[in-house]
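What follows is the residue order along each chain.
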Amino acid sequence: MNKKETVFVVSDSIGETAELMVKAVASQFFGREVEIKHFSYVQDTQDINNVITNAKYSPSIIAYTIVLQDLKQYLDHRALEEGILAVDLMYPLMDAFSQTFNMQPNRQPGQMRKLDENYFKRVEAIEFAVKYDDGQEVRGLKQADIVLIGVSRTSKTPLSMYLANKQFKVANVPLIPELPPPQELYEIPRKKCVGLIISPEKLNDIRRERLKSLGLTNAANYASLERIFEELECAQNIMKRIGCPIIDVSNKAIEETADIILAMFNKRGSFAQ
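These notes cover the structure that comes with them.

Section: unusual backbone geometry
With a phi angle near 55 degrees, Tyr-41 is a residue other than glycine that sits in the positive phi range. Not every positive phi belongs to a glycine, and Asp-134 is a case in point at roughly 60 degrees. With respect to the secondary-structure elements, Asp-134 resides in the loop between helix H5 (111–131) and helix H6 (140–143).

Description of the packing of aromatic side chains
Inspection of every chain in the model, using the stated rule, returns three aromatic pairs. Arranged with centres 5.3 Å apart and planes meeting at 80 degrees, the rings of Phe-97 and Phe-101 form a pair that is edge-to-face. Here Phe-97 pairs with Phe-101, and both are found in helix H4 (residues 91–101), just four residues apart, close to one helical turn. Between the aromatic rings of Phe-128 and Tyr-132, the centroid separation amounts to 4.5 Å while the plane-to-plane angle is 55 degrees, which identifies the pairing as tilted. Judged on exposure class, the residue Phe-128 and its partner Tyr-132 are both buried.

Some thoughts on the pattern of salt bridges
Inspection of every chain in the model, using the stated rule, returns 13 salt bridges. Each of Glu-178, Arg-207, Arg-227, Glu-230 and Glu-231 takes part in a single network of salt bridges with overlapping partners.

Cut-off values and rules
- Each residue is numbered by its place in its chain's sequence as written, counting from 1.
- The predicted origin of the model limits local features to residues at a pLDDT of at least 70 and limits the giving and counting of side-chain atom pairs to 80 or more, whereas totals for whole chains, interfaces and linings rest on all residues.
- Excluding hydrogens and water, the side-chain figures rest on all heavy atoms present in the structure.
- In this text, helices come from DSSP runs of H or I with a minimum length of four residues, and strands from runs of E with a minimum of two, each type numbered from the N-terminal end.
- Aromatic rings from Phe, Tyr and Trp, with only the six-membered ring used for Trp, were paired whenever their centres fell within 6.5 Å, and each pair was classed as stacked if the ring planes differed by under 30 degrees, edge-to-face if by over 60, and tilted otherwise.
- In this scheme, a residue with accessible area under 20% of its type's maximum is buried, one over 50% is exposed, and one in between is partly exposed, where area comes from a 1.4 Å probe on protein chains only.
- Salt-bridge detection follows one rule: a side-chain nitrogen of Lys or Arg within 4 Å of a carboxyl oxygen of Asp or Glu.

This is the structure:
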């Protein structure tokens with residue numbers, strides 16, 4: 001009875017990259033999956049010795065992704081001593097990067113997983129910003145890293161999305177004179193709430209352009225200065241009651257406002273990230 005072909009997948013991280021490569025190559029030879037034995041998160045020479053002990057008693061290959069130079073050299077040396085074929089799946093491409101781009105690898109295990117984690121955190125934050133945009137779900141206020149409040153057209157939504165792309169969960173709440181703000185707004189720590197204000201003239205221009213794009217008349221109450229003054233006064237009274245910091249966004253780009261918020265929160269240690 002023939003022994004099943006075995007490949008030992010060895011990595012100083014989880015080893016998922018090596019496994020995918022081994023399966024892709026094996027499919028070209030056997031028409032089925034090769035037996036794969038995992039040795040993940042190898043950290044020292046004893047871990048390498050365990051791999052060698054398992055691999056030397058049957059025909060097998062060691063396929064590895066190890067970026068720590070000392071461990072890589074030790075594995076190559078021990079595999080050579082025992083007559084085991086060890087294949088470094090990363091070195092040829094890393095060497096090509098070094099030669100072509102004149103750069104050196106940082107040789108830190110788990111970098112791919114860190115990139116994946118950052119990606120999923122960003123996606124989660126974006127989904128959060130969409131779900132809790134414009135006061136849709138007040139439950140999100142207590143879960144948010146940052147809560148933005150302000151009258152209509154103070155860039156709350158685009159600012160929320162910009163910050164979400166930096167992995168922060170952001171909720172925003174519109175302040176309208178006829179509608180009392182949700183009680184939850186007064187129950188969250190004031191240090192994570194930010195009020196956005198804007199000059200009446202600037203807001204008037206923005207709202208008039210908004211109405212024009214919608215094909216509506218400029219005479220609508222939404223864009224009148226009287227209405228704008230009323231909204232801004234109401235909003236500032238709420239912000240003062242909460243005791244949150246206030247940022248004037250009249251002549252600021254989204255990126256500039258975001259930088260102010262992040263600098264302010266990081267200085268106070270409000271982020272646990």
